[in-house]
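Summary of the model geometry
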Amino acid sequence: MTDTILVATDGSDDASAAEQTAMGLASRLGGRLSGVSVLDDRLVRAPSADGLALPPFPEADLTAYYRARTEAVARRFSERARGEGLEAACEILQGSPDDRIVDKVQGADLLVLGRSGTQRADRSGLIGSTVDSILRKTTKPTILVPGGAPLTGPLVLGFDGSPGSRIAAKLAVALANGLNEAVHVFVDSKDKGRAVARFDEVRQLVGGLSVPVRETSSTLGRPDVKIVDTAKEVRASLIVMGAYGRNRITDYFLGSNAASVARTSPVSVLLAR
């Protein structure tokens, strides 16, 4: 499930954290790692002059600068990978970052992204707008990494009985067994009978775990807040949950429980698909 890992990097602090997370996963899981860095056309495209008398737009100079920066990001990635005992190259692409990354990850099992990029003015909440666009377009499981995210620790599986959470359970089993980390299963339900049924279902899904499994439930408060609180309490390294919840019609990425967890968690979040 995670034999090939792609990490997208732009040199930002969160992207650097994503690189560290991806390298740690590749090393511990024995997976193949590659990187991609995209020279964003929007940074070098001349804006409209709007009829104003302006000097020539320095497109050539800007292109040269941003290409040199992208190349430096790619070199640093490869050097860091070698330092971790990994052979991993970072490919340089040009165009719209979200589209190029979505296309590139089609050849990988898992995508790893920093939660925010270098274009901090171009953001949606606490998630970079480029990252938000990638999450809307990709069909691949994606890990969002905030700056300072822990690299080791147990996994927290958020389970609500949806198809996405069932996929998340399978990914959690594969990752926990490979990483030799415990799993904390979180079930939220205002209905006690439904919570019991969900625990029964998730026990079957995680039956292949060779590591300890602990169960947590909550009948009060918002589930997104409770999942993040659980991750903090157990010092988790990763929250695993479905990208979409039970209400698929209204659970577009923004506004869903998954989005809220991804925006606020100090721990990396794997959105399963």
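Here the structure is a predicted model, which means the values were calculated and not measured.

**Let's talk about the nonpolar core**
Core analysis: the biggest nonpolar cluster contains 44 residues, and Leu 33, Val 112 and Leu 157 have the highest contact counts within it. Those residues in contact with Val 112 that sit more than four places away from it in its chain are Ile 5, Leu 6, Val 7, Ala 8, Ala 18, Ala 22, Ile 143 and Val 145. Ranked by size, the runner-up nonpolar core spans 31 residues in total, among them Ala 108, Leu 135, Val 269 and Leu 271.

**Let's talk about the side chain of Glu 19**
By secondary structure assignment, the location of Glu 19 is in helix α1 (residues 13–29). For Glu 19, a relative accessible area of 0% gives the class buried. The contacts of Glu 19, once residues within four sequence positions are left out, are Val 7, Thr 9, Phe 77 and Arg 80.

**Focus on the side chain of Thr 9**
If you trace the backbone, Thr 9 turns up in the loop between β1 (4–8) and α1. Assessed through its relative accessible area of 4%, Thr 9 is described here as buried. A distance of 3.5 Å separates the side chain of Thr 9 from the backbone nitrogen of Gly 11, its partner in a polar contact. Engagement of the side chain of Thr 9 in a polar contact is seen with the side chain of Glu 19, the distance being 2.5 Å. Here Thr 9 is in contact with Ala 15, Glu 19, Val 36, Ser 37, Val 73 and Cys 90, once residues within four sequence places are set aside.

**Things to note about unusual backbone geometry**
Phi at Asn 180 takes a positive value of approximately 60°, unusual for a residue other than glycine. Look at Arg 235: it is not a glycine, yet its phi comes out positive at around 55°. Summarising the element assignment, Arg 235 is placed in the loop between α7 (223–233) and β11 (238–242). Among the residues examined, Arg 235 registers a relative accessible area of 70% and is labelled exposed.

**Things to note about the confidence of the model for the protein chain**
For the protein chain, the average pLDDT comes to 88, and 90% of its residues sit at 70 or higher. By mean pLDDT, strand β5 (residues 123–124) is the weakest element of the protein chain at 40, and β1 is the strongest at 98.

**Comments concerning helix α2 (residues 59–83)**
Residue pairs three or four apart in sequence face the same way in an α-helix, which turns once every 3.6 residues. Taking 1.5 Å per residue, 25 residues should reach 36 Å; α2 reaches 36 Å between its end C-alpha atoms and fits that length. Those residues of α2 hidden inside the fold are in contact with β1, α1, β2 (32–40) and β3 (90–95).

**Let's talk about the environment of Asp 40**
With respect to the secondary-structure elements, Asp 40 resides in strand β2. Since its relative accessible area comes to 7%, Asp 40 is described here as buried. Those residues in contact with Asp 40, other than ones at most four positions away along the chain, are Gly 95 and Pro 97. Separated by 2.7 Å, the side chains of Asp 40 and Arg 42 make a polar contact.

**Focus: the environment of Arg 80**
Mapped onto the fold, Arg 80 is located in helix α2. Excluding residues that lie within four positions of it along the chain, Arg 80 makes contacts with Ser 16, Glu 19 and Met 23.

**Some points on the packing of α1 against helix α5 (residues 163–179)**
Between α1 and α5, the shortest axis-to-axis distance is 9 Å and the interhelical angle comes to 75°. The angle between α1 and α5 falls in the class roughly perpendicular. Across the interface between the two elements, Leu 25, Arg 28 and Leu 29 from α1 touch Leu 175, Gly 178 and Leu 179 from α5. Of the residues assigned to the contact of α1 with α5, the class counts are four nonpolar, one polar and one charged.

**Things to note about helix α6 (residues 192–205)**
If you check α6, its first and last C-alpha atoms are 20 Å apart, about what 14 residues at 1.5 Å a residue would give, namely 20 Å. Turning to α6, its buried residues number three or more, namely Ala 195, Arg 198, Phe 199 and Val 202. Within α6, the buried residues cover an arc of 105° as seen down the axis, which keeps them to one side.

**Description of the packing of α7 against helix α8 (residues 257–264)**
Orientation of α7 relative to α8, taken along the N-to-C sense of each, is 40°, at an axis distance of 9 Å. Considering the angle they form, α7 stands oblique to α8. Considering only the axes of α7 and α8, their crossing is right-handed. Each of Pro 223, Asp 224, Ile 227 and Val 228 in α7 lies in contact with α8, whose residues at this interface are Asn 257, Ser 260, Val 261 and Thr 264.

Reading guide: rules and limits
Residues numbered from 1 in each chain as written. Predicted model: local features only at pLDDT ≥ 70, side-chain atom pairs only at ≥ 80, totals over all residues. Heavy atoms only, no water. Core = buried A, V, L, I, M, F, W, Y, C linked by side-chain atoms within 4.5 Å. Buried < 20%, exposed > 50% of the residue type's maximum accessible area, 1.4 Å probe, protein only. Contact = heavy atoms within 4.5 Å. Helix = DSSP H or I, 4+ residues; strand = E, 2+ residues; numbered from the N terminus. Polar contact = N/O pair within 3.5 Å; in protein donor to acceptor, adjacent residues only side chain to side chain. pLDDT = per-residue confidence, 0-100. Expected span 1.5 Å × (residues − 1). Axes fitted to C-alpha atoms, helices over the stretch in contact; angles between N-to-C directions. Parallel < 35°, antiparallel > 145°, perpendicular 65-115°, else oblique. Nonpolar A, V, L, I, M, F, W, Y, C, P; charged D, E, K, R; others polar. Arc of directions from axis to C-beta. Left-handed = near helix turned anticlockwise from the far one by under 90°.

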